[in-house]
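Letter by letter, the chains look like this.
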Amino acid sequence: MSYHDLIRAAHSRIAGHVRRTPVIEVDAGALGLALDRPLALKLEFLQHTGSFKPRGAFNNLLSRAAPQAGVAAASGGNHGVAVAYAAAQLRRKATIFVPDVASPVKIARIRHYGADVRIGGARYADALERCDAFVAQSGALSVHAYDAPETIAGQGTVGLEWDEDTAGLDTMLVAVGGGGLIAGIAAWLGDRVKVVGVEPEGSRCLHAALEAGRPVDVPVESIAADSLGARRAGDLVFAIARQAVDHVALVPDDAIRAAQRLLWNELRIAAEPGGAAALGALIGGAYRPAAGERVGVLLCGGNVDPAELANVE
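What you see is a predicted model, and the numbers here were worked out from it, not measured in a lab.

Q: Looking at this structure, I do not really get the packing of aromatic side chains. What am I missing?
A: Aromatic ring pairs: the centre-centre distance and the angle between the two ring planes describe each pair. On inspection of all chains with the given rule, the structure shows 4 aromatic pairs. With 5.2 Å between their ring centres and 70 degrees between their planes, Tyr85 and Tyr113 make a pair best called edge-to-face. Of this pair, Tyr85 sits in helix α3 (residues 78-89) while Tyr113 is found in the loop between α4 (104-112) and β5 (116-119), placing the two residues 28 residues apart along the sequence. Clustering of aromatic rings is evident, with ring pairs tying together Phe58, Tyr85 and Tyr113. Its guanidinium or amino end placed over the ring of Trp264, Arg268 lies 4.3 Å from that ring's centre, counting from NZ or CZ.

Q: I tried to follow the environment of Gly190 on my own but got confused; where do I start?
A: For Gly190, the position within the fold is in the loop between α7 (180-189) and β8 (194-200). Gly190 sits in the partly exposed class, given a relative accessible area of 31%. Each C-alpha atom, one on Gly190 and one on Arg20, is 21 Å from the other, the two residues being 170 residues apart in sequence.

Q: Sorry, what's going on with the environment of Gly213 here?
A: Relative to the assigned elements, Gly213 resides in the loop between α8 (205-212) and α9 (235-244). In sequence terms Gly213 and Val245 are 32 residues apart; their C-alpha atoms lie 14 Å from each other. Non-local contacts of Gly213, meaning those with residues more than four positions away in its chain, are made with Phe238 and Arg242.

Q: When you look at the pairing of strand β9 (residues 247-251) in this model, what are you seeing that I'm missing?
A: On a regular strand, each side chain points to the face opposite its neighbour's, so the side chains alternate between the two faces of the sheet. With 4 of 5 residues buried, β9 is to be regarded as a mostly interior element. Inspection of the sheet shows β8 paired to β9 by 5 bridges, in the parallel sense. When the bridges of β9 are listed, Val198 appears paired with Ala249.

Q: Looking at this structure, I do not really get the side chain of His207. What am I missing?
A: Its location among the elements puts His207 in helix α8. Beyond its immediate sequence surroundings of up to four residues, His207 is in contact with Glu199, Val248 and Leu250.

Q: Which parts of the structure should I look at to understand unusual backbone geometry?
A: Negative phi is the rule for most residues except glycine; trans is the rule for most peptide bonds. Backbone geometry places Thr49, a non-glycine residue, at a positive phi of 75 degrees. Tracing the chain through its elements places Thr49 in the loop between β2 (39-43) and α2 (54-63). A positive phi angle, near 60 degrees, is found at Arg91, a position not held by glycine. Tracing the backbone shows Arg91 in the loop between α3 and β4 (94-98).

Q: Hey, could you run me through the pattern of salt bridges in this one?
A: Proximity of charged atoms lets side chains of opposite charge pair with each other. Tallying each qualifying case throughout the model produces 15 salt bridges. Taking the shortest distance from any N to any O, the salt bridge between Arg55 and Glu44 comes out at 2.6 Å. In this pair, Arg55 sits in helix α2 while Glu44 sits in the loop between β2 and α2, placing the two residues 11 residues apart along the sequence. Summarising the burial analysis for this pair, Arg55 and Glu44 share the class buried. In this structure, Arg123 engages Glu221 in a salt bridge whose closest nitrogen and oxygen atoms are separated by 2.9 Å. Taken together, the residues span a long stretch of sequence, with Arg123 in the loop between β5 and α5 (124-138) and Glu221 in the loop between α8 and α9 at a distance of 98 residues. Using a relative accessible area of 57% as the deciding quantity, one classes Glu221 as exposed.

Q: Got a minute to help me understand the sheet that holds strand β6 (residues 141-142) in this structure?
A: The strands making up a sheet are joined through hydrogen bonds of the backbone, oriented either antiparallel or parallel. On the basis of which strands lie adjacent, the open sheet formed by 4 strands has the order β5-β4-β3-β6 and parallel pairing. Whereas interior strands pair on both sides, the edge strands pair on one side only; in this sheet they are β5 and β6. By the bridge criterion, 2 bridges tie strand β3 (residues 71-74) to β6 in an arrangement that is parallel. Within the sheet, the bridge partner assigned to Ala72 lies in β6 and is Ser142. Packing of α5 onto the sheet brings it into contact with β3, β4, β5 and β6, and relative to β3 it is tilted by some 160 degrees.

How each quantity is defined
- Residues numbered from 1 in each chain as written.
- Predicted model: local features only at pLDDT ≥ 70, side-chain atom pairs only at ≥ 80, totals over all residues.
- Heavy atoms only, no water.
- Phe/Tyr/Trp six-rings, centres within 6.5 Å; stacked < 30°, edge-to-face > 60°.
- Helix = DSSP H or I, 4+ residues; strand = E, 2+ residues; numbered from the N terminus.
- Lys NZ or Arg CZ within 6 Å of the ring centre and 35° of its normal.
- Buried < 20%, exposed > 50% of the residue type's maximum accessible area, 1.4 Å probe, protein only.
- Contact = heavy atoms within 4.5 Å.
- Pairing = 2+ DSSP bridges.
- Salt bridge = Lys/Arg side-chain N within 4 Å of Asp/Glu carboxyl O.
- Axes fitted to C-alpha atoms, helices over the stretch in contact; angles between N-to-C directions.

Dropping the structure here:
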């Protein structure tokens, strides 16, 4: 079955468990952006749990049998919240592994949904090692954050909906962590829309993989590391991205902060750093649209501590 078919099946499977998030068009010039067409913003931070992640979580849990030990996941935060939420909705036990850099806001949400949270390790890759060891010992069902067909297909439903709801886009800007989201969107769209990845300069696993011709380990150091902090792009993600992702733009942390500031001050959208990163590519000039180009930006996460917004005013 092709990814296109897997995404269509996932969309039907998870429809009763996720929100179809809206797309709004805003005057780019009024936001100080150098675009001569309205900017289409897909508001996926309005999804259950504050990010796109429940799509992949529900597709995993609804299409795979969970043993008595339940499900387990490693996460920088958002995937863990989503798996905990999906498990609670479906009455399954969940164990979530997060690194030390995980946001306290996200850890609190994981616990709120009744999952067992295990904190440790410097980065996501360390949490994944601990999760893999737990799965091997317990027999729990592993729900990978990005490099599994079920996860990619679930995240790809974002692209399906955006494609149906917003005709005529030339380009979509999509933030990249491990790459499950951009892989799913690109697999759905094929060559009909240019899909551009956006990564922090200090956390560039997909950019490095495309440059090297294979997934490679990269250092991770960014204000968005809790959501865009994978050390290595997945093999499945890379296979799709090398065919269907136009390129990956790199943004500095100050452009990400500027995007958070713009979203909050002008639109009253509270975005976490990873959720604002794609817009940061336009603000910082890492992506420069051509004249007449119609651009869409995915705002993929809103799990930010409200107190943090005071620092981006």
